[in-house]
Amino acid sequence: MDKIRQDERVLLEVSHLKKYFPIRKGFFKRVVGHVRAVDDVSFSINEGETLGLVGESGCGKTTTSRAILRALDPTDGQILFRTESGEIVDLAALPEKEIRPLRSQMQMIFQDPFASLNPRMNLLDIVSEPMLTIEGIKSRKERSERVAELLRLVGLRPEYMQRFPHAFSGGQRQRIVIARALALNPRLVVADEPVSALDVSVQAQVLNLMLRLQRQLNLTYLFVAHDLSVVKHFCNRVIVMYVGKIVEDAPTDELYFRPRHPYTAALMSAVPVPDPRIRSAMTPLEGDVPSPANPPSGCYFHPRCPYAVDICSQKTPELEEISPDHYVSCHRAGELELTGVVDPRQAQIG
Amino acid sequence: MNPTEPLLSVQNLKTYFFLDEGTVKAVDGVDFDVYPGQVVGIVGESGCGKSVTIKSVLRLTQKPGRIVEGKILFRSQRVTDADSGSDVIDLTTLDPHGKRMRSIRGAEIAMIPQEPMASFSPVHTVGNQLIEAIRLHEDVSKEEARQIAIERLHEVGMPNPEQRLDAYSWELSGGLRQRAMIAMSLSCNPHLLIADEPTTAIDVTTQAQVLNLLRSLQKMHNMSIIFITHDLGVIAQVADYVVVMYLGRVMETGPVDDIFHNPLHPYTKALLKSIPSIYSPSGTELPTIEGSIPHPFSRPSGCPFYPRCEAFMAGVCNAKDPELQSINERQSVSCFLYEEKQMQPS
């Protein structure tokens, strides 16, 4: 039943993950409702793969990534992780004490390198802190040797070790954040919008570094982002989320060029193409994203969906495998003819 | 209005910030023209001076910043030049707090700020803020202003404008808030609209809505728009003419098609190559621009881009300042690669 137990390549399998935040009101802080930030999400990541998680703000992509690392405690569901020794553990059920030794295997790269580095710690302290707290390496010499090695790995000079974060530019800071994440030789790295705070010319440097490190260290990435071009470039497989649910899950090219869910198709057509000769392709979606505290009935997308029929407002669609390895949750997925990103070859002709 | 004469002409604009630590040359000799009905995109990364340029145009630079040199010629319909009586006014000569500048700002030159949440007052209704803007520039009664405001909100595609007028900005969603902001900036039929990164804080589907709206409003009113962004995709979709800036200087200008399909400056070329394309195969390395943007205090001498440039010529690029010069009838570039032969090292 669980994919992770049958398939050796699967590193992480999330099944029926839910994270609800209570809404409290009044003097007694009574719970009057729930924000369903993540609502029954299931997917898996193979070792060495990069999985992209995309969606608009408030769709639950960050909450999902935090719940996997147990930075947030999930409300329900399983997070099965294959540890280094080959054992399969459910991170959602483990008490904090038992997760701690596993933390070295899962690390995180944050969005804003200006907020995620302590300005009062130098690089040596920042990068070696996980070695001290998780592995308990007391020897300063040993730590500084490993920090030097890590800094070299991410393309910074080891001599910078005594400097403080303010001396570095955004791109360099993000390299420091990456070095810290790699300090304990993790196997899974969750990167939440790692390049969105960076300038265009620096973005490419950081993305290249992450690709190179993946090949060198056989890392598995869960890449959370809203920039669809970056995700297209970086990921093997992409999941699209909408109001706490997965609407589509497919290999990257398949998803971008042959989307099966109307929301994915709308997202793809909304991406501004950096070519003035391909204009007017932008067909925006009407309306706004509904609130996860008060989602619409049936399929959450039906009020904005141009293809909605009666059943869409009555029944919630399930995520189903429509073609090999391509999952979609739409009642009409089988019959719709959707176009994704304009194919460059066709666009050149037209 | 004569479409062959520029509506706005920025000439050799220099805006410096005089700090205790030294002078930051945020805008250091910028030239560009905006013609009636044209959408000019200014692209550049952080610190390139794009925001300071437009703040200078609106005369909103704050101390310790000051326009030290240059002209900002604007063809006004409300104000005439004090001496010559001409309708072309040099905005740099006006008192930024004076009556004449204030009657241009907001009425003839309007602006859509980046963050619509931070730009609305949370304690006044959207309608009151719109009505205030209208009554500041037009001699109309409160009731008439309210009608204009409803009309404007309707124009930007706001559902139920009569009710939304009495809403507070925090009651609106991101997309609607940005629409209300656009309605406010259009309230006095400006000839020039300045949009400072109007879509960076919002999601792609909303971004597409806002861009489409701006495109159609531009056609409807035949306005000129200066569109500021770091997103080359957005520029390709909306601009007619592009100004590429780097560290306070203009690197290249030209029609949007030439900039994207025949870029001349090494910076423009490298920038275009380094953006991840939706068409490129997954998992491949991108060509990058080495290094990072220099700190404003440690600005390189000569061409500001030379330390990161692939075509760097020692003794030339780091010695002199390149001039912005026209290469063909459409594009202008400031790079020694395109200067006369005698400028080359012997």
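Look above for the structure.
Residues numbered from 1 in each chain as written. Chains lettered and ligands numbered in written order. Predicted model: local features only at pLDDT ≥ 70, side-chain atom pairs only at ≥ 80, totals over all residues. Heavy atoms only, no water.

### A closer look at the interface of chain A and chain B
How big an interface is tends to be stated in terms of the accessible area lost upon association of its parts.
Thinking step 1. Taken together, the contact pairs 47 residues of chain A with 50 residues of chain B.
Thinking step 2. Between chain A and chain B, roughly 4,200 Å² of surface is buried when both sides are summed, and carbon and sulfur atoms account for 54% of that area.
Thinking step 3. For Arg212 of chain A, the salt bridge goes to Glu285 of chain B, with nearest N and O atoms at 3.2 Å.
Thinking step 4. There are 13 residue pairs in polar contact (both at pLDDT 80 or more) connecting chain A and chain B.
Thinking step 5. Contributions of two or more residues to the side of chain A that touches chain B are made by α7 (200-217), α8 (228-234), α9 (252-257) and α10 (262-270) of chain A.
Thinking step 6. Element by element, the count of residues in the side of chain A that touches chain B is highest for α7 of chain A, at 11 residues. (Contact = heavy atoms within 4.5 Å. Buried area = accessible area lost by both parts, 1.4 Å probe. Salt bridge = Lys/Arg side-chain N within 4 Å of Asp/Glu carboxyl O. Polar contact = N/O pair within 3.5 Å; in protein donor to acceptor, adjacent residues only side chain to side chain. Helix = DSSP H or I, 4+ residues; strand = E, 2+ residues; numbered from the N terminus.)

### A word on the sheet that holds strand β4 (residues 76-82) of chain A
Residues and elements named next belong to chain A.
Thinking step 1. Strand order in the open sheet made by the four strands is β2-β1-β4-β5, with antiparallel pairing throughout. The sheet is open, and its two borders are formed by β2 (30-46) and β5 (88-90), each paired with just one other strand. Pairwise comparison of adjacent strand axes, ignoring direction, gives a mean angle of 25 degrees for this sheet.
Thinking step 2. Bridge analysis of strand β1 (residues 10-25) against β4 gives five bridges, and the strand direction is antiparallel. (Pairing = 2+ DSSP bridges. Axes fitted to C-alpha atoms, helices over the stretch in contact; angles between N-to-C directions.)

### Some thoughts on the packing of aromatic side chains
Residues and elements named next belong to chain A.
Thinking step 1. In total, this model carries 13 aromatic pairs over all chains according to the counting rule given.
Thinking step 2. Ring geometry for Tyr242 versus Tyr263: centroids 4.4 Å apart, planes at 50 degrees, classification tilted. Separated by 21 residues along the polypeptide, Tyr242 in strand β9 (residues 237-242) and Tyr263 in helix α10 bring together distant segments of the chain. Both residues of the pair, Tyr242 and Tyr263, belong to the buried class.
Thinking step 3. Each member of the aromatic cluster is reached from another via a ring pair, and the members are Tyr221, Phe223 and Phe234. (Phe/Tyr/Trp six-rings, centres within 6.5 Å; stacked < 30°, edge-to-face > 60°. Buried < 20%, exposed > 50% of the residue type's maximum accessible area, 1.4 Å probe, protein only.)

### Brief notes about the packing of helix α4 (residues 123-135) of chain A against helix α6 (residues 170-182) of chain A
Thinking step 1. Following both chains from N to C, one finds α4 of chain A and α6 of chain A inclined at 30 degrees, their axes separated by 7 Å at the closest point. Facing α4 of chain A, whose interface residues are Leu123, Ile126, Val127 and Pro130 of chain A, α6 of chain A presents Ile176, Ala179 and Arg180 of chain A.

### Brief notes about the sheet that holds β9 of chain A
Residues and elements named next belong to chain A.
Thinking step 1. Strand order in this open sheet of eight strands is β6-β7-β8-β3-β9-β10-β12-β11, and the pairing throughout is mixed. Among the strands making up the open sheet, the edge pair consists of β6 (106-109) and β11 (320-323). Here the strands of the sheet are splayed against their neighbours by 25 degrees on average, with no regard to which way each runs.

### Focus on the pairing of strand β7 (residues 188-192) of chain A
All names here are of chain A.
Thinking step 1. Counting buried residues in β7 gives five out of five residues, a clear majority hidden from the surface.
Thinking step 2. Of the two faces of β7, both are covered, the one formed by Leu188, Val190 and Asp192 as well as the one formed by Val189 and Ala191.
Thinking step 3. Inspection of the sheet shows β7 paired to strand β8 (residues 220-224) by five bridges, in the parallel sense. If you follow Ala191 over to β8, its bridge partner there is Phe223.
Thinking step 4. Between β7 and its parallel partner β8, the chain crosses via α7, and the hand of that crossover is right-handed. (Right-handed = clockwise from strand over helix to strand, strands pointing away.)

### Examining the nonpolar core
Thinking step 1. The biggest cluster of nonpolar side chains holds 71 residues, and the ones touching the most others in it are Ile178, Met210, Phe223 and Tyr256 of chain A.
Thinking step 2. The dominant element in this core, judged by the number of residues it contributes, is α7 of chain A, at seven residues.
Thinking step 3. Once residues lying within four places of it in the same chain are set aside, the contact partners of Tyr256 of chain A are Leu228, Val231, Lys232, Val238, Met268, Gly340 and Val341 of chain A together with Ile278 of chain B.
Thinking step 4. Val126, Met158, Leu186 and Val210 of chain B belong to the second largest nonpolar core, which has 39 residues in total. (Core = buried A, V, L, I, M, F, W, Y, C linked by side-chain atoms within 4.5 Å.)

### Brief notes about the pairing of strand β7 (residues 192-196) of chain B
Residues and elements named next belong to chain B.
Thinking step 1. Of all the five residues making up β7, five are buried; the element is thus mostly covered by neighbouring parts of the structure.
Thinking step 2. Of the two faces of β7, the one lined by Leu192, Ile194 and Asp196 and the one lined by Leu193 and Ala195 are each fully buried.
Thinking step 3. Where strand β6 (residues 109-112) meets β7, four bridges bridge the pair, whose relative direction is parallel. From the neighbouring strand, Met111 faces β7, where its bridge partner is Ile194.
Thinking step 4. Both β7 and strand β8 (residues 224-229) contribute to a ladder of five bridges, which runs parallel. Its bridge partner lying in β8, Leu193 is registered against Ile225.

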